[in-house]
Amino acid sequence: MPINKSYFCFVIQWVKIMKPAASQWVKTQIELLGQQQTWSLLQVTPNIKLFNLKGRASTCDTPLQFIAPSLTQSPTRFPLTIQCGTANPTWVIRAQADVEIRLTAVVAAELLPPGTVVTAENSKLAPILLTPAMRMNVIVDPNDVLQMTVKRTIAENQPLSTLVLSTPRLISRNQPVTLVIEQQGLALATSGIALQNGGKGATIRVKNSRSGRVLSGTVIDSQQVMIRAIE
């Protein structure tokens, strides 16, 4: 079988130049995401797989361009487009980035049966490894898991995530609450009634006791609901 010289040259350039560039680009994007998510002790190991390559590619004499979707949903595995050039690319190749991510996250310090309330004693910070296709629902701030309830058994050293924890109810329906209303840079407080149950950070409907208006707000604690704008 004759050797495709163009393909052979491309493979050499890919191994020596383009693959390291693609790997560095992926690593940089995830490190930027890590800064936004306050990940600590972050280590990123990407592996780039090409799809529509053989018989189509040639060496590239212009800077490579990389295009990827938002990484927030699946930074351990995501589609990647690599193209030679910008406006009129010489070629476009589909690829996939498989990434191992090491970071520090909150894990169970012991076996946690369903119904367990998470405390500072039964949880801890520890290094974890996320492999390609794993969901990114880990929690990195120990304070974010305190007083949450375990929904199903969590093994010792297993990362705590939003998938296995539930937020305790802070506000109950028909409970009197304080409405903290933010509008045009001002914060006003008034009395209200909760129309729904809600945990911290949940959006619930409330009624302003003075005006009778029904509003939506975010649960701050067991007594306060934040109203960002009057509806």
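Data block above holds the structure.
Residue numbering note: each chain is counted from 1, following its sequence as written. Owing to the predicted nature of the model, reporting of local features is limited to residues with pLDDT of at least 70; listing and counting of side-chain atom pairs is limited to 80 or more, with chain, interface and lining totals taken over all residues. With hydrogens and water stripped out, all remaining heavy atoms of the structure feed into the side-chain values.

Enquirer: Give a description of the pairing of strand β13 (residues 214–219) that names residues and reports values.
Expert: When strand β12 (residues 203–208) meets β13, the two strands line up antiparallel, connected through 5 bridges. Pairing of Val 206 across the sheet is with Leu 215, part of β13. Taking the residues that link successive antiparallel strands as the turn, the β12-β13 hairpin has 5 residues, and the phi of Gly 212 there is positive, at about 80°. In terms of strand pairing, β13 meets strand β14 (residues 224–227) through 2 bridges, oriented antiparallel. Residue pairing for β14: Val 219 is matched across the bridge by Val 225. Pairing between strands is defined by DSSP: at least two bridges between them are needed. Numbering of helices and strands runs from the N terminus, with a helix taken as a DSSP run of H or I at least four residues long and a strand as a DSSP run of E at least two residues long. Hairpin remark: β13 followed by β14, antiparallel, with 4 residues in the connecting loop.

Enquirer: Please set out unusual backbone geometry residue by residue, giving values where relevant.
Expert: Phi angles above zero are rare outside glycine, and Thr 38 is one such case at about 55°. Looking at the element boundaries, Thr 38 is found in the loop between α1 (5–36) and β1 (43–50).

Enquirer: Pulling in residues and values, what's your account of the pattern of salt bridges?
Expert: Salt bridges are defined as contacts in which a side-chain nitrogen from Lys or Arg sits within 4 Å of a carboxyl oxygen from Asp or Glu. In this structure the tally under the stated criterion is 2 salt bridges. Its salt-bridge partner being Asp 98, residue Lys 49 comes within 3.1 Å of it at the nearest N-O pair. In this pair, Lys 49 is assigned in strand β1 and Asp 98 in strand β4 (residues 92–108), connecting sequence segments 49 residues apart. Classification of residues uses two cut-offs on accessible area relative to the type maximum, computed with a 1.4 Å probe and protein chains only: under 20% is buried, over 50% is exposed, and between them is partly exposed. Assessed through its relative accessible area of 6%, Asp 98 is described here as buried. Linking Arg 77 and Asp 98 is a salt bridge whose minimum nitrogen-to-oxygen distance equals 2.8 Å. On the criterion of sequence distance, the pair formed by Arg 77 in strand β3 (residues 77–84) and Asp 98 in strand β4 is long-range, its members being 21 residues apart. What makes Arg 77 partly exposed here is its relative accessible area of 34%. Bridged by salt links that share partners, the residues Lys 49, Arg 77 and Asp 98 form one connected network.

Enquirer: With reference to specific residues and values, describe the sheet that holds β13.
Expert: Ordered by their spatial adjacency, 5 strands build a closed barrel running β9-β10-β12-β13-β14, and the pairing between neighbours is mixed. Ignoring which end each strand starts from, the neighbouring axes of this sheet average 50° apart. One ladder, built from 8 bridges, connects strand β9 (residues 176–183) with strand β10 (residues 186–194); its direction is antiparallel. Along β10, the bridge assignment pairs Ile 181 with Leu 188. Helix axes are fitted only over the stretch in contact, all axes being lines through C-alpha atoms; the angle between N-to-C directions runs from 0 to 180 degrees.

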